[in-house]
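# Working through the structure, step by step
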Amino acid sequence: MTHELTASRLASASSNATASGGWWRDAVIYQVYVRSFADSDGDGIGDLRGVRERLPHLARLGVDAVWLTPFYVSPQADGGYDVADYRAVDPLFGDLSDADDLIRAAHALGLRVIVDVVPNHTSEQHVWFRAALAGEPGARDRYHFHPGRGPCGELPPNDWESVFGGPAWSRTPDGAWYLHLFAPEQPDLNWENPEVAEEFSAVLRFWLDLGVDGFRVDVAHGMVKAPGLPDIGRGAQATLIGIEPLPFFDQDGVHAIHRSWRRLLDSYEVPRIGVAEAWAPTSERLALYVRPDELHQAFNFRFLNCPWDTTALRTVIDESLAATASVGAPTTWVLSNHDVVRHRTRYGSLARARAAALLMLALPGSAYVYQGEELGLPEVTDLPDSARRDPAFARSAGQDGLRDGCRVPIPWSGEEPPYDFGPAGSWLPQPAGWGGLSVAAQTGDPHSTLELYRAALELRRAMPGLGAPEAGLAETGLPETGLPETAGAAAGVGAGAAESGMQWLPAPEGVLLFTRPGFACTLNTRPVPLEMPSPGRPVLSSAPVETDGRTVRLPPDSCTWWSL
């Protein structure tokens, strides 16, 4: 049984959360890496017009919103995350009218639009930083300029390292040092300066007035640094992010900024949202970013980094749900994005990638889909060094510098590059053999990954027990599994699961089984088939399922949805 058995999409279906006024609580949000989505003008770089022309694909896929990576004026030292002008569109991607047209077209298709905002740092070409280098009075107070250590100030002010590798400090010709937690071309802003807060409030209003539905806040955990900028005392600091407390990330002072932004977002009649890209050492610390008076969502990187193991998966799911339930927020789930190895490659097979996608979409809360994962794209691991654009690639001791492999432009149709990405080539080379993975090739094929995603999103809207954390808090009859309480994953309801109407049931070793109202999900993480009592009627599976109505033979590395 594969996903071709799914019922037709209900055109009038709307998410459970939307009905209760919080559309984001169960939204499926599609990330567009603008450079690599669709090129309309033949320069080999994706642009806003290209995104607009391909919006019907996203509407047919069944997502609720699209998140756009930065398209602002930028020297592109870090793929647009080095912003020189927050109110203008870089000519690479179009102009302000293209942004306006895209927003209007998305809304006409029922898609909301979320844009990136980059508040931790600017580009070195930003007018503020140019003024700081020129020595204009007060200009350096907007950034972190400090004298160096050593007899002649020849040493950096502290031992902080850049996330991209090397020192987090660069020296100016006059001997001062400035902080950049990322590339030297990305100087960190000083959020203790009120001018910075005032400027970003104005920037947010500019885009909200243009019609965007929210913001993904880049490095939402990084705007405030510990007083005195203390040394860390050890190297390889990038490996500690999200694991241990660090004086440059996840400081308590960031929450005052997010509370002020929440007040701004709430001042608009139509609900707008803020989404935190925040790395924190614990789920409890991450939940602080989504308290009722702060942002609406925060990315759940613990789920993204979770190994293919039932114990680890259940632990992360339970802890994530419990942490967000404690502050009344939805949990988010994500498997891939523009900064990590695609999950097909990370998990080692397309079968696992498909199963992981169904697991993610079955969990309570909101889910993020990164462009191309609906096609089952693998990481491109053999890009030539000369083609790489990741600024970390040429540096050491930071990120691995291989993020380009997940940013290769996606295939739309055809048998040869650029696969209808645009009328010419593509800024990163596409592999030969991607023709069979294109949108056109997979459309209508009931066994394709694209049709699996379409079917899953269709069912997610149609089945009332899926999606919103609040869905199905009423009692529902749970199926008898015929398994002892000690078998495999034990039954139970964690604190967060209870809030979401989700319950774990006992299952064989290597299998996860949970229910939500009228719905059950099984995940077999083993490389071999497993038999167990059938939880219900199968409605969707990542691989063919054999069942006689009483027992089921779960395929290896597979996920199945059941109607109860």
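The structure displayed is predicted, hence computed values, not measured ones.

Moving on to the packing of helix α12 (residues 350-362) against helix α14 (residues 449-462). Remark: α12 packs on α14, axes separated minimally by 10 Å, with the N-to-C direction vectors making an angle of 15°. Here α12 lies roughly parallel to α14, going by the angle between them. In this structure, α12 meets α14 at a crossing whose hand is right-handed. Here α12 contributes Leu-350, Arg-354, Ala-357, Leu-358 and Leu-361 to the contact with α14, which in turn contributes Thr-449, Leu-452, Tyr-453, Ala-456, Leu-457 and Arg-460. For the contact of α12 with α14, the class distribution of residues is eight nonpolar, one polar and two charged.

With antiparallel pairing, five strands are arranged side by side in an open sheet as β14-β15-β16-β21-β18. The open sheet terminates on both sides in strands that have one partner only, identified here as β14 (503-504) and β18 (537-541). The sheet contact formed by β18 and strand β21 (residues 558-563) spans four bridges and is antiparallel. Paired with Ser-541 across the strands is Thr-560, a residue of β21. In the packing of helix α10 (residues 310-325) onto the sheet, the strands contacted are β14, β15 (511-516) and β16 (519-524), and the crossing angle to β15 comes to about 30°. Strands β18 and β21 of the sheet are contacted by α14, whose axis makes an angle of about 130° with β18.

Overall, the coordinates contain 27 aromatic pairs when judged by the stated rule. Seen from their ring centres, Phe-129 and Tyr-143 are 5.1 Å apart, and the 75° between their planes marks the pair as edge-to-face. Of the two residues, Phe-129 is situated in helix α5 (residues 127-133) and Tyr-143 in the loop between α5 and β6 (145-146); the sequence distance between them amounts to 14 residues. For the pair Phe-129 and Tyr-143, a shared accessibility class is recorded, and that class is buried. For the pair Phe-303 and Trp-333, a centre-to-centre distance of 5.1 Å together with 75° between the ring planes defines the contact as edge-to-face.

Per the counting criterion, the structure on display carries 27 salt bridges. Across the pair Arg-461 and Asp-64 runs a salt bridge, and its minimum N-O distance is 2.6 Å. Highlighted residues: Arg-461 in helix α14 and Asp-64 in the loop between α3 (55-61) and β2 (65-68), separated in sequence by 397 residues. For Asp-64, a relative accessible area of 13% gives the class buried. A salt bridge links Arg-140 to Asp-174; the nearest nitrogen and oxygen atoms lie 2.7 Å apart. You can see Arg-140 sitting in the loop between α5 and β6 and its partner Asp-174 sitting in the loop between β7 (169-171) and β8 (177-179), a full 34 residues away along the chain. Judged by its relative accessible area of 53%, Asp-174 falls in the exposed class. When salt bridges that share partners are traced, they join Asp-78, Asp-339, Arg-403 and Arg-407 into one network.

Each neighbour pair has its own omega, and for Pro-417 with Pro-418 the value is 10°, a cis peptide bond. Along the chain, Pro-418 falls in the loop between β13 (366-370) and α13 (439-442). Unlike most non-glycine residues, Leu-229 shows phi in positive territory, near 50°. Take Leu-229: it is sitting in the loop between β9 (214-217) and α7 (254-266). Despite not being glycine, Asp-420 shows a phi value in the positive range, around 65°. Mapped onto the elements of the fold, Asp-420 is located in the loop between β13 and α13.

For Arg-216, the location among the structural elements is in strand β9. Classification of Arg-216 by relative accessible area gives buried; the value is 3%. Separated by 2.8 Å, the side chains of Arg-216 and Asp-116 make a polar contact.

With that settled, consider the environment of Gly-536. With respect to the helices, strands and loops of the structure, Gly-536 is situated in the loop between β17 (530-533) and β18. You can call Gly-536 partly exposed: its relative accessible area is 25%. C-alpha separation for the pair Gly-536 and Cys-521, spaced 15 residues apart in sequence, amounts to 9.8 Å.

Moving on, we come to the sheet that holds β6. Spatially, β6-β8-β7 is the arrangement adopted by the three strands of the open sheet, whose pairing is antiparallel. In the strand order of this sheet, the two ends are held by β6 and β7, each with one partner. Here β7 pairs with β8 via three bridges, running antiparallel. What sits directly across from Ser-170, in β8, is Tyr-178.

Soluble globular proteins: nonpolar side chains tend toward being buried together. In this structure, Leu-68, Phe-71, Phe-303 and Trp-561 are the most contacted members of the largest nonpolar core, which totals 144 residues. In this structure, Trp-160, Trp-169, Leu-229 and Phe-248 belong to the second largest nonpolar core, which totals 18 residues.

This part covers α14. Taking 1.5 Å per residue as the helical rise, α14 with its 14 residues ought to reach 20 Å, and the 20 Å between its terminal C-alpha atoms agrees with that figure. Among the 14 residues that make up α14, 13 are buried, leaving the element largely enclosed by the rest of the structure.

Along the polypeptide, Arg-403 turns up in the loop between β13 and α13. Of the residues examined, Arg-403 reaches a relative accessible area of 6% and is grouped as buried. A distance of 3.3 Å separates a polar atom in the side chain of Arg-403 from a polar atom in the side chain of Asp-78.

Neither face of β2 is left uncovered, since the one carrying Ala-65 and Trp-67 and the one carrying Val-66 and Leu-68 both have all their residues buried. When strand β1 (residues 28-32) meets β2, the two strands line up parallel, connected through four bridges. Within β2, the residue paired with Ile-29 across the bridge is Ala-65. As judged from the four bridges shared by β2 and strand β5 (residues 112-117), these two strands associate in the parallel manner. Note on β5: the bridge partner recorded for Ala-65 is Arg-112.

The rules behind each value
- Residues numbered from 1 in each chain as written.
- Predicted model: local features only at pLDDT ≥ 70, side-chain atom pairs only at ≥ 80, totals over all residues.
- Heavy atoms only, no water.
- Axes fitted to C-alpha atoms, helices over the stretch in contact; angles between N-to-C directions.
- Helix = DSSP H or I, 4+ residues; strand = E, 2+ residues; numbered from the N terminus.
- Parallel < 35°, antiparallel > 145°, perpendicular 65-115°, else oblique.
- Left-handed = near helix turned anticlockwise from the far one by under 90°.
- Contact = heavy atoms within 4.5 Å.
- Nonpolar A, V, L, I, M, F, W, Y, C, P; charged D, E, K, R; others polar.
- Pairing = 2+ DSSP bridges.
- Phe/Tyr/Trp six-rings, centres within 6.5 Å; stacked < 30°, edge-to-face > 60°.
- Buried < 20%, exposed > 50% of the residue type's maximum accessible area, 1.4 Å probe, protein only.
- Salt bridge = Lys/Arg side-chain N within 4 Å of Asp/Glu carboxyl O.
- Polar contact = N/O pair within 3.5 Å; in protein donor to acceptor, adjacent residues only side chain to side chain.
- Core = buried A, V, L, I, M, F, W, Y, C linked by side-chain atoms within 4.5 Å.
- Expected span 1.5 Å × (residues − 1).

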